[in-house]
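Summary of the model geometry
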Amino acid sequence: MAGIRVLADEHIKFTILTAKPANPAAPTAAELNAGIDASCLVLADNFQWSAADSERVGERALCEATAAESPGIGKYNLGFSYWRWFDSTTGAGDATTDLIHPAVKEKGTSLWGYVRRTGKEHSAAWAASDEIQLGGEFVTDTPQAPDGSGFIKYTLPCMAQAMHDFITVAAA
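Residues numbered from 1 in each chain as written. Predicted model: local features only at pLDDT ≥ 70, side-chain atom pairs only at ≥ 80, totals over all residues. Heavy atoms only, no water.

**Details of the pairing of strand β1 (residues 12-17)**
For a regular strand, side-chain orientation follows a simple rule: the groups alternate between the two sheet faces. Note the following rule: Here's how the labels work: a residue is buried when its accessible area is under 20% of the maximum for its type, exposed when over 50%, partly exposed in between, all with a 1.4 Å probe on protein chains only. Under the scheme used here, helices are H or I runs from DSSP no shorter than 4 residues and strands are E runs no shorter than 2 residues, and both carry numbers assigned from the N terminus. At least two bridges found by DSSP between two strands are what make those strands a pair.
For β1, the tally of buried residues reaches 5 of 6 residues, placing the bulk of the element in the interior. Note that β1 and strand β7 (residues 110-117) share 6 bridges and pair antiparallel. If you follow Phe14 over to β7, its bridge partner there is Val115. Of the strand pairs in this sheet, β1 and strand β2 (residues 36-37) are connected by 2 bridges, and their pairing is antiparallel. In the strand pairing of β2, Thr15 is matched with Asp37.

This is the structure in structure tokens:
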């Protein structure tokens, strides 16, 4: 049977953990499923959770005519915008749906984020052996208010601390 290509629509799962997993390079399905499922809480338009160009190391000997470069330290582009969700009676943040803002509103907060980009839909629970495109520890900057149009939302710049590319969800 031949494989199929899958559109990214509805196939990106984004989970935020407020507690460090036992092994950040191989979190368990239980740890991930207990986290904040942010898949339907963030905007797709500016979601950034990917490796960027690594630093380049180019050192050549005096006798070499060209400088061959090697990849150095990895870099990452991390950030996203999220909607706020409010209680329709009190107007305060809703305790059951306004999950991201309380976790990220303080600058310098350490969190752990994991993204699955596979043929599984975003609504499928994490399972052992799922591929994680990128996951690990990140630190938040101050959430930034956009221009004021549309729904109330914030853009959150994030800084990678210890990221892991193409890892696998560990068995329990």
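**Topic: the packing of aromatic side chains**
Remark: the centre distance and the inter-plane angle together describe each pair of aromatic rings, the angle taken between the planes. Heads up, the rule is: Ring pairs shown here join Phe, Tyr and Trp side chains whose ring centres sit within 6.5 Å, with only the six-membered ring taken for Trp; geometry is labelled stacked below 30 degrees between planes, edge-to-face above 60, and tilted in between. Consider the ring centre and the ring normal. A charge sits over the ring if Lys NZ or Arg CZ is within 6 Å of that centre and within 35 degrees of that normal.
With the rule as written, the count across this model stands at 6 aromatic pairs. Their ring planes at 55° and their centres at 5.1 Å tell us that Phe14 and Trp49 sit as a pair that is tilted. With Phe14 in strand β1 and Trp49 in strand β3 (residues 48-52), this residue pair connects regions lying 35 residues apart in the sequence. The pair formed by Phe14 and Trp49 is uniform in burial state, with each residue classed as buried. The structure contains a cluster of three or more aromatic residues connected by ring pairs, namely Phe14, Phe47, Trp49, Phe80, Tyr82, Phe138 and Tyr154. For Arg116, the ring lying beneath its charged end belongs to Trp126, and the centroid distance is 5.1 Å.

**Some words on the sheet that holds β7**
Hydrogen bonding along the main chain pairs the strands of a sheet, whether they run parallel or antiparallel. The sheet built from 7 strands is open, its strands ordered β2-β1-β7-β8-β9-β6-β3 with antiparallel pairing. For this open sheet the edge positions go to β2 and β3, each flanked by a neighbour on one side alone. Relative to strand β9 (residues 153-168), strand β6 (residues 75-83) runs antiparallel, the two sharing 6 bridges. Bridge pairing in β9 links Gly79 to Pro157.

**Looking at unusual backbone geometry**
With phi around 65°, Glu10 is a residue other than glycine that occupies positive phi space. Locating Glu10 in the fold gives a position in the segment before β1. Given a relative accessible area of 52%, Glu10 falls into the exposed group. The backbone of Ser129 sits at a positive phi, close to 80°, despite the residue not being glycine.

**So, the pattern of salt bridges**
Test applied: In what follows, salt bridge is the name for a side-chain nitrogen of Lys or Arg lying within 4 Å of a carboxyl oxygen of Asp or Glu.
As enumerated under the stated definition, the model contains 5 salt bridges in all. Measuring nitrogen to oxygen at the nearest pair gives 2.7 Å for the salt bridge that ties Lys120 to Asp130. Taken together, the residues span a long stretch of sequence, with Lys120 in the loop between β7 and β8 (131-140) and Asp130 in the loop between β7 and β8 at a distance of 10 residues. According to the relative accessible area criterion, Lys120 is partly exposed, its value standing at 30%. Judged by its relative accessible area of 7%, Asp130 falls in the buried class. Counted as one network, the salt bridges with shared partners bring together Arg116, Lys120 and Asp130.

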